[in-house]
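One-letter residues, chain by chain:
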Amino acid sequence: MAQQVLTQANSNSSPPASPQPPRLRTAPRKQERDPPQHREVREAPPPAMAAAAADENQDLTRAFAGLGGLGVDEAALVTALGRWRRHPERRAQFRRGFPGFFSASAGAAAGIERCEDEYLRHLETEFARFKDAAVLWALHPWERDARWAHHVLHGEHGDGRAAHARHPPGLLVEVACTRAADDLLGARRAYQAIYHRSLEEDVAYRVTDATAGLLVGLVTAYRYEGERVSEELAAEEAKALAAAVKAAPASAAAARLVQNEQVVRILATRSKPQLRATFKTYKELNGKPLEEDFVGEPCLQDAVKCLDSPPRYFAEVIGRAFGDDADRQAKAALTRVVASRADADMEEIKDAYAKQHGAKLADAVAKNTHGHYKDALLAMIGK
């Protein structure tokens, strides 16, 4: 499967020998009030919109109703993907209508409609031709990020072996640096609720190379999200970064830079507007972008790209997925990016892709994918 993360159940439990298909409930349960930090804010819609949303929810219910051997209405699902684009609150309502699949979390992860591990296998089997796009689209975004992070750290086998060598840390950097502060905190809460340990604990224990300190700093960050920027601080820290680059011996630049206290502190603590000002000043002072001076260290390069311009970073990831030499991970990243960014900055990603590749993203997807998978991606991207 392109997204093996969704097949992996909790490593502390063994899957049932022959899981039975869930008993579906088509009528949504009474909604409970979400905590303030929940990102999927729901306001009472006008009557006409409420009626339309109810019809769409029924369409999606019919699409999922074939789970367990009767077949899935893939056309109805693709239609729902298009209609519900940029409306995460409708997916929250849908999750509440399927208690067989999704259960409300309690404690630290309250407000998350968690998908049960055994039913992830049902979902993946039924939507195999979508290459997990439908599964990722349906999950709560915090749970989705938590499961991705766990896959990077533990691998697909859950056998206790360090997965970091097999799975590069780019996905951890992506989750840590492109999400809003509350969403990253939510992913950490979901990780704890699902796996009964903290994300930062697993990063510190399982990442054994030079990137460990930076990754711990990134996943534990809770950045200021205001627009206030200090130009004086930007100049000061741009000089500090330049000094770190200059002091790093060419023969050991990667290890020395990723472990440099100043580099880690700046990237892991400053607000994104502040960092963009620092990156701009660095380029003005040194004649080239900071990421170019981090050559040979992909973890640092990805962090700078994600913090500076997520749309540009995601456009590059999608472009690599369409490359002739794209491996399995690179191709799977297409589904990951589209499913996770459809509600966030997809329009900006489309613009960035057009600038980088001289073509429309929708045209590239149509050319390189097929069948209902292609239709699902195009529905989420929007033409």
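Just above, that's the structure.
Let me begin by describing the structure that accompanies this report. These numbers were taken from a predicted model, which means no experiment stands behind them. (Residues numbered from 1 in each chain as written. Predicted model: local features only at pLDDT ≥ 70, side-chain atom pairs only at ≥ 80, totals over all residues. Heavy atoms only, no water.)

A word on the overall build of the protein
Definition in use: Each helix is a run of H or I in the DSSP string that is no shorter than four residues. Each strand is a run of E no shorter than two, and both are numbered from the N terminus. Throughout this description, buried means an accessible area under 20% of the type-specific maximum (1.4 Å probe, protein chains only), exposed means over 50%, and partly exposed covers the range between. We call two residues in contact whenever any of their non-hydrogen atoms come within 4.5 Å of each other.
Helices and strands together make up the secondary structure of the protein, namely 21 helices and 2 strands. Evaluated residue by residue, the protein yields a buried proportion of 53% over its 383 residues. In the protein, the share of contacts with a sequence separation of at least 24, taken over all contacts with a separation of at least 6, comes to 74%.

Concerning the packing of helix α10 (residues 212-219) against helix α13 (residues 261-269)
What counts here: Simply put, an axis is a line fit to the C-alpha atoms, just over the touching stretch for a helix, and the angle between two N-to-C directions goes from 0 to 180 degrees. Between 65 and 115 degrees an angle is taken as roughly perpendicular, under 35 as roughly parallel, over 145 as roughly antiparallel, and anywhere else as oblique. Working rule for handedness: look at the near helix, and if it is turned counterclockwise from the far one by less than a right angle, call the crossing left-handed; if clockwise, right-handed. Under the convention adopted here, Pro, Cys and the residues Ala, Val, Leu, Ile, Met, Phe, Trp and Tyr are nonpolar, Asp, Glu, Lys and Arg are charged, and Gly plus all remaining residues are polar.
Closest axis-to-axis distance for the α10/α13 pair is 8 Å, and the angle between their directions is 20°. Classed by the angle they form, the pair α10 and α13 counts as roughly parallel. Between α10 and α13 lies a crossing of right-handed hand. Residues G213, L214, G217 and L218 of α10 pack against V264, L267 and A268 of α13. Across the contact of α10 with α13, the residue classes break down as 5 nonpolar, 2 polar and no charged.

Section: the packing of aromatic side chains
Condition: Stacked, tilted and edge-to-face are the three classes assigned to paired rings of Phe, Tyr and Trp, where Trp is represented by its six-membered ring and a pair needs centres within 6.5 Å; plane angles under 30 degrees give stacked, over 60 edge-to-face, the rest tilted.
A complete count under the given rule lists 3 aromatic pairs for this structure. Measuring from centroid to centroid gives 5.0 Å for Y191 and Y195, while their planes differ by 55°, and the two rings are tilted. Of the two residues, Y191 and Y195 are both situated in helix α8 (residues 181-195); the distance of 4 residues between them amounts to about one turn of the helix. Looking at Y191, the relative accessible area reads 0%, which means it is buried. A centroid spacing of 5.2 Å and a plane angle of 70° characterise the contact between Y313 and F314, whose relative ring orientation is edge-to-face.

Describing helix α19 (residues 346-357)
We apply this condition: Given a helix with a known number of residues, its expected span is that number minus one, times 1.5 Å. Here, the arc refers to the directions that run from the helix axis to the C-beta atoms.
Look at α19: 16 Å from first C-alpha to last across 12 residues, which is about the 16 Å you get at 1.5 Å a residue. Those residues of α19 not exposed but buried are M346, I349, K350, A352 and Y353. Here the buried residues of α19 occupy an arc of 165° about the axis, which is enough to place them on one side. Looking at the buried side of α19, the elements it contacts are α17 (310-321), α18 (328-341), α20 (361-368) and α21 (371-381).

Quick word on empty space enclosed by the protein
Inclusion rule: Throughout, the protein atoms alone are placed on a 1 Å grid, and a set of points is a cavity if a 1.4 Å probe fits but cannot get out or a pocket if it is open with protein on both sides within 12 Å along at least five of seven lines; lining residues have an atom within 4 Å of a point. Grid points are joined across faces, edges and corners, and a volume is the space filled by probe spheres set on the points.
For the structure shown, the criterion picks out 1 cavity of 30 Å³ or more. There is about 50 Å³ of room inside the largest cavity. If you go around the largest cavity, the residues you meet are A176, R179, A180, A181, L184, A221, Y222, R223 and K272. Taken together, the residues of the lining of the largest cavity break down into 6 nonpolar, no polar and 3 charged.

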